[in-house]
2 protein chains.
Amino acid sequence: MSSNVVGVDMGGTKTLAAVVDADGNILSTAKIQTQAKSKTSVVIDRIAACIREAIDAAPVDTNSIEAIGIGAPGPLDPNTGIVIFAPNLGWKNVPLKTELETRVDIPTYVDNDVNVGTLGEHTFGAGRSVKDLVGIFVGTGIGGGIILNGKLYHGASKTAGEIGHIIVKAGGPKCGCGNRGCLEALASRTAMTKEFKKAIQKKGKKSILSNLTGGDLGLIRSGVLAKALHSNDKLTRKVFKNTTKYLGIGIGSIVNFLNPEMIVLGGGVVEAVGDKFIDDIRKAANKYALPDTLKDVEIVAAQLGDNAGVLGAAALARQRLKSG
Amino acid sequence: MSSNVVGVDMGGTKTLAAVVDADGNILSTAKIQTQAKSKTSVVIDRIAACIREAIDAAPVDTNSIEAIGIGAPGPLDPNTGIVIFAPNLGWKNVPLKTELETRVDIPTYVDNDVNVGTLGEHTFGAGRSVKDLVGIFVGTGIGGGIILNGKLYHGASKTAGEIGHIIVKAGGPKCGCGNRGCLEALASRTAMTKEFKKAIQKKGKKSILSNLTGGDLGLIRSGVLAKALHSNDKLTRKVFKNTTKYLGIGIGSIVNFLNPEMIVLGGGVVEAVGDKFIDDIRKAANKYALPDTLKDVEIVAAQLGDNAGVLGAAALARQRLKSG
């Protein structure tokens, strides 16, 4: 009998489930609105129903489903499967693993969504050939995950991989975490938006972004940024140059400290802007990494795109099922 | 028959060898001046003689010596045992492992001196209870090593653990590596000496260091720094406050990124100044690490002192002998 798993990508807005075979082929999918404002038990009921829908739609025997993996937001304990805190769900100490196992009766494994995305790239995406890699995802914030010897590395507090909170500029701009000069405060889309607001609204600089957002710079999304950059907008080019520099510094530090075989770059901003951005980041990192080290450390684009969540969760299910 | 190894601590000035039993007891020692200016083959002859002297002096059967471990300076390949570049020895691509094995006829394993010091702390010192730790050694420069799952982690270029070259202040002071704002450029003894020179010689500040060094600030060593600090010298206190802050930032970044179980602090400056310095660094790191993470990450003083080199090399010999 074939061996299949369900991968679940749980977000604040929507949740996707997919039945995935051993080779990473998606056999069926289902999708719901998470409706995060509902009672926790109702949200979990809905996720369970979404999982069952994906299983029913798959052209496989239900008994072939050996495990469920789920990538969830927020700090969580991957051993107990308890989501410790997820502000966009309003969750605190929710035992997601056991609540789902009660409803679906299939072994369920939970991990942080960014870790799951990194594991997905390792198992089915850009990092298939390596044992040690770091995933960096640049979007609203900057998240990351670490794979060592083929497995997710969680660290003592289960918070390893918080690449956005590497401090690259002591005394630099304030970060959401309360510190100053974190990578996230200098190179995330949020940091870029602040730069745009300062330049356009305070300094009166001109930019195509004013038109593209209808004047509301709060509407800057990754696609809009890519459009402005590809239109050769001067201000956008300048802000990207800065972002690239700081990503290069952060990656340089990671290369000097951990020296992994590969760094996989993904997330909304990276995906929207494309390969040129990766090339520029690689060049910037080469300035900050110790001489001759970057030839051993590949810096590549993530490959899984929208499927990263469900494929990563499927990889998690399979790996945890094996290791117990 | 008992199982013993020889640990060798090779430096630019002197080289120590010790026969060490399975429990980390030093059974005998020998010491030579390295005489780094001699021909490479002569230097290696002398090291081999030093090893034989330690073996002859040990109250054990020569056949009980199963392996030799050696911590050597400079970037090197731990697999081949070739020292790639060691400026203070004038060495380039010296096959230290095979040259020693030819002379002594005992399996020999080579690693970087800082890695070896970190492994020593893990096996016989402060880190005996943990699986994942980072060693940070603050002296002329800032070196480091990483132990993951009980073993030295070398990374793709064999340069993992270059903690001194984490960038903590983009655009900060120039580092010996050519970059700006590396931890080493802000918190090593070299960085502190520059601060003292600037304050005393350029700004005319008063400090007990002028007396302690007979006016030659180039003579600032760790012991002198400790004396000035314990004399409550105002300038020294100020410079240490800065050093502590940057070490806190570097450690905060490591905690946020790798989240190891333990960080072991050693090296000349840390050893000379003592526990109060560790306490201050821990407090500084707590400002920069994500909330609630430092409770899981111990920050402790190295325990092996002058024996770190030979004990670490002994640990290396034993671990590599086992893993092949």
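Residues numbered from 1 in each chain as written. Chains lettered and ligands numbered in written order. Predicted model: local features only at pLDDT ≥ 70, side-chain atom pairs only at ≥ 80, totals over all residues. Heavy atoms only, no water.

Enquirer: Can you tell me about the overall build of chain A, naming the residues and giving the values?
Expert: Helices and strands together make up the secondary structure of chain A, namely 11 helices and 13 strands. Radius of gyration (C-alpha) of chain A: 20 Å, near the 20 Å computed for a compact globule of 324 residues. Taken over the C-alpha atoms alone, chain A extends approximately 60 × 45 × 35 Å along its principal axes. Split into buried and exposed, the 324 residues of chain A put 58% on the buried side. If you sum the accessible surface of chain A, you get close to 13500 Å²; carbon and sulfur atoms cover 48% of it. Between the centroid of the 39 positive side chains of chain A and the centroid of its 30 negative side chains there is a distance of 13 Å. (Helix = DSSP H or I, 4+ residues; strand = E, 2+ residues; numbered from the N terminus. Rg over C-alpha atoms; globule rule 2.2 N^0.38 Å. Buried < 20%, exposed > 50% of the residue type's maximum accessible area, 1.4 Å probe, protein only. Areas by Shrake-Rupley, 256 points an atom, 1.4 Å probe, with all protein chains shown as cover. Lys, Arg positive; Asp, Glu negative; His and termini not counted. Charge placed at Lys NZ, Arg CZ, Asp CG, Glu CD.)

Enquirer: Outline a positive patch on the surface, listing residues and values.
Expert: Residues and elements named next belong to chain A. Side chains of Lys198, Lys202, Lys203, Lys205, Lys234, Arg237 and Lys238 sit close together on the surface and give a patch of like positive charge. Mapped by element, the contributors of at least two residues to the positive patch are helix H5 (189-202) and helix H8 (234-257). When you line up the elements, lysine 238 lands in helix H8. (Patch = residues over 30% accessible without salt bridge, like charges linked within 9 Å, V, L, I, M, F, W, Y side chains within 5 Å. Salt bridge = Lys/Arg side-chain N within 4 Å of Asp/Glu carboxyl O.)

Enquirer: Give me the lowdown on the sheet that holds strand E13 (residues 298-301) of chain A, citing residues and values where you can.
Expert: Residues and elements named next belong to chain A. Read across the sheet, 5 strands follow the order E11-E10-E9-E12-E13 without closing on themselves; strand pairing throughout is mixed. Since the sheet does not close on itself, it has two edges, and those belong to strand E11 (151-152) and E13, each with one partner. Inspection of the sheet shows strand E9 (residues 133-138) paired to strand E10 (residues 142-148) by 6 bridges, in the antiparallel sense. In the strand pairing of E10, isoleucine 136 is matched with glycine 144. The strands touched by helix H10 (residues 275-288) within the sheet are strand E12 (262-266) and E13, with E13 carrying the most contacts at an inclination of about 160°. (Pairing = 2+ DSSP bridges. Contact = heavy atoms within 4.5 Å. Axes fitted to C-alpha atoms, helices over the stretch in contact; angles between N-to-C directions.)

Enquirer: Account for the pairing of strand E6 (residues 82-86) of chain B, with residues named and values stated.
Expert: Residue and element names in this part refer to chain B. In this structure, strand E5 (residues 76-77) lies alongside E6, joined through 2 bridges in antiparallel fashion. Its bridge partner lying in E6, aspartate 77 is registered against isoleucine 82. Two elements, E6 and strand E7 (residues 91-95), share 4 bridges in a ladder whose sense is antiparallel. Looking at E7, one finds that alanine 86 is bridged to tryptophan 91. From the end of E6 to the start of E7, which pair antiparallel, there are 4 residues, and glycine 90 there has a positive phi angle of about 70°.

Enquirer: Before we move on, can you summarise the interface of chain B and chain A with the specific residues and values?
Expert: Each partner contributes residues to the interface: chain B has 39 residues there, and chain A has 39 residues. Surface buried jointly by chain B and chain A totals about 3100 Å² across both partners, of which 61% is contributed by carbon and sulfur atoms. Summed over the three residues of chain B that lose the most area to chain A, namely Tyr153, Ile167 and Phe257 of chain B, the buried surface amounts to 23% of that side. In this assembly, chain B and chain A are joined by 0 salt bridges. Taken together, the links from chain B to chain A amount to 26 residue pairs in polar contact (both at pLDDT 80 or more). For the side of chain B that touches chain A, the element with the most residues is helix H8 (residues 234-257) of chain B, which contributes 6 residues. (Buried area = accessible area lost by both parts, 1.4 Å probe. Polar contact = N/O pair within 3.5 Å; in protein donor to acceptor, adjacent residues only side chain to side chain.)

Enquirer: Run through the environment of glycine 218 of chain A, naming residues and quoting values.
Expert: Checked against the element boundaries, glycine 218 of chain A lands in the loop between helix H6 (208-212) and helix H7 (222-230). It is 9.9 Å that separates the C-alpha atoms of glycine 218 of chain A and phenylalanine 196 of chain A, two residues lying 22 residues apart in sequence.

Enquirer: Any chance you could break down the side chain of serine 157 of chain B for me, citing the residues and the numbers?
Expert: Inspection of the secondary structure assignment puts serine 157 of chain B in the loop between strand E11 (151-152) and helix H4 (183-187). A distance of 3.2 Å separates the side chain of serine 157 of chain B from the backbone oxygen of threonine 293 of chain A, its partner in a polar contact. The contacts of serine 157 of chain B, once residues within four sequence positions are left out, are Asn259, Thr293, Asp296 and Val297 of chain A.

Enquirer: I'd love a proper account of the pattern of salt bridges, names of residues and values included.
Expert: All told, the structure shown has 12 salt bridges over all chains when counted by the stated rule. The salt bridge involving glutamate 99 of chain A is made with arginine 103 of chain A; its shortest N-O contact spans 2.8 Å. With glutamate 99 of chain A and arginine 103 of chain A both in helix H2 (residues 96-104) and 4 residues apart, this pair spans about one turn of that helix. Look at glutamate 99 of chain A and you get partly exposed, because its relative accessible area is 28%. With a closest N to O distance of 2.9 Å, aspartate 280 of chain B and lysine 276 of chain B form a salt bridge. Taken together, the residues aspartate 280 of chain B and lysine 276 of chain B, both in helix H10 (residues 275-288) and 4 residues apart, mark about one turn of the helix. You can call aspartate 280 of chain B partly exposed: its relative accessible area is 24%. A single salt-bridge network, built from bridges that share partners, covers Asp45, Glu99 and Arg103 of chain A.

Enquirer: Explain the relation of the copies chain B and chain A residue by residue, including any values.
Expert: One copy of the chain maps onto the other through a rotation about an axis followed by a shift along the same axis. Rotating chain B by 180° and translating it 0.0 Å along the rotation axis places it on chain A, where the RMSD comes to 0.0 Å. Expressed as a symmetry operation, the mapping of one chain copy onto the other fits a two-fold axis. (Least-squares fit on C-alpha atoms with pLDDT ≥ 70 in both.)

Enquirer: Before we move on, could you go through unusual backbone geometry and cite the residues and values that matter?
Expert: Of note in this structure, asparagine 232 of chain A is not a glycine but carries a positive phi near 65°. By the secondary structure assignment, asparagine 232 of chain A is in the loop between H7 and H8. Despite not being glycine, aspartate 105 of chain B shows a phi value in the positive range, around 60°. Within the element layout of this structure, aspartate 105 of chain B appears in the loop between helix H2 (96-104) and strand E8 (108-112).

Enquirer: Go over the pairing of E10 of chain A with me, naming the residues and quoting the values.
Expert: Residue and element names in this part refer to chain A. Extensive coverage of E10 is indicated by the burial of 7 of its 7 residues. Residues Ile142, Gly144, Ile146 and Leu148 of E10 are buried on one face, and the alternating residues Gly143, Gly145 and Ile147, pointing to the opposite face, are buried as well. What sits between E9 and E10 in their antiparallel hairpin is a turn of 3 residues. Of the strand pairs in this sheet, E10 and E11 are connected by 2 bridges, and their pairing is antiparallel.

Enquirer: For the sheet that holds strand E3 (residues 26-33) of chain B, give the residues involved together with the corresponding values.
Expert: All names here are of chain B. The strand order across the open sheet formed by 5 strands is E3-E2-E1-E4-E8, and the pairing between neighbours is mixed. Both outer strands of the open sheet, E3 and E8, are each paired with one neighbouring strand and no more. This sheet shows a mean twist of 15° between the axes of neighbouring strands, independent of strand direction. In the sheet, strand E2 (residues 14-20) pairs with E3 via 7 bridges, with the strands oriented antiparallel. When the bridges of E3 are listed, valine 20 appears paired with isoleucine 26. Across the sheet, H2 is in contact with strand E1 (4-10), strand E4 (65-72) and E8; its angle to E8 comes to roughly 150°. With respect to the sheet, helix H11 (residues 308-323) is in contact with E1, E2, E3, E4 and E8, its orientation differing from that of E1 by roughly 130°.

Enquirer: Which residues make up the side chain of histidine 122 of chain B, and what values do they have?
Expert: You can see histidine 122 of chain B is positioned in helix H3 (residues 113-124). From its side chain, histidine 122 of chain B meets the backbone oxygen of valine 130 of chain B in a polar contact 2.9 Å long.

Enquirer: I'd like to hear about the packing of H8 of chain B against H10 of chain B, residue by residue, with values.
Expert: All names here are of chain B. Two numbers describe how H8 lies on H10: the axes approach to 7 Å, and their chain directions differ by 55°. With respect to each other, H8 and H10 are oriented oblique. Remark: the crossing between H8 and H10 carries right-handed chirality. Contacts from Phe240, Thr243, Thr244, Lys245, Leu247, Gly248, Ile249, Ile251, Gly252 and Asn256 in H8 reach Phe277, Asp280, Ile281, Ala284, Ala285 and Tyr288 in H10. A class-by-class count of the residues in the contact of H8 with H10 yields 9 nonpolar, 5 polar and 2 charged. (Parallel < 35°, antiparallel > 145°, perpendicular 65-115°, else oblique. Left-handed = near helix turned anticlockwise from the far one by under 90°. Nonpolar A, V, L, I, M, F, W, Y, C, P; charged D, E, K, R; others polar.)

Distances and angles like these do not, on their own, reveal function.
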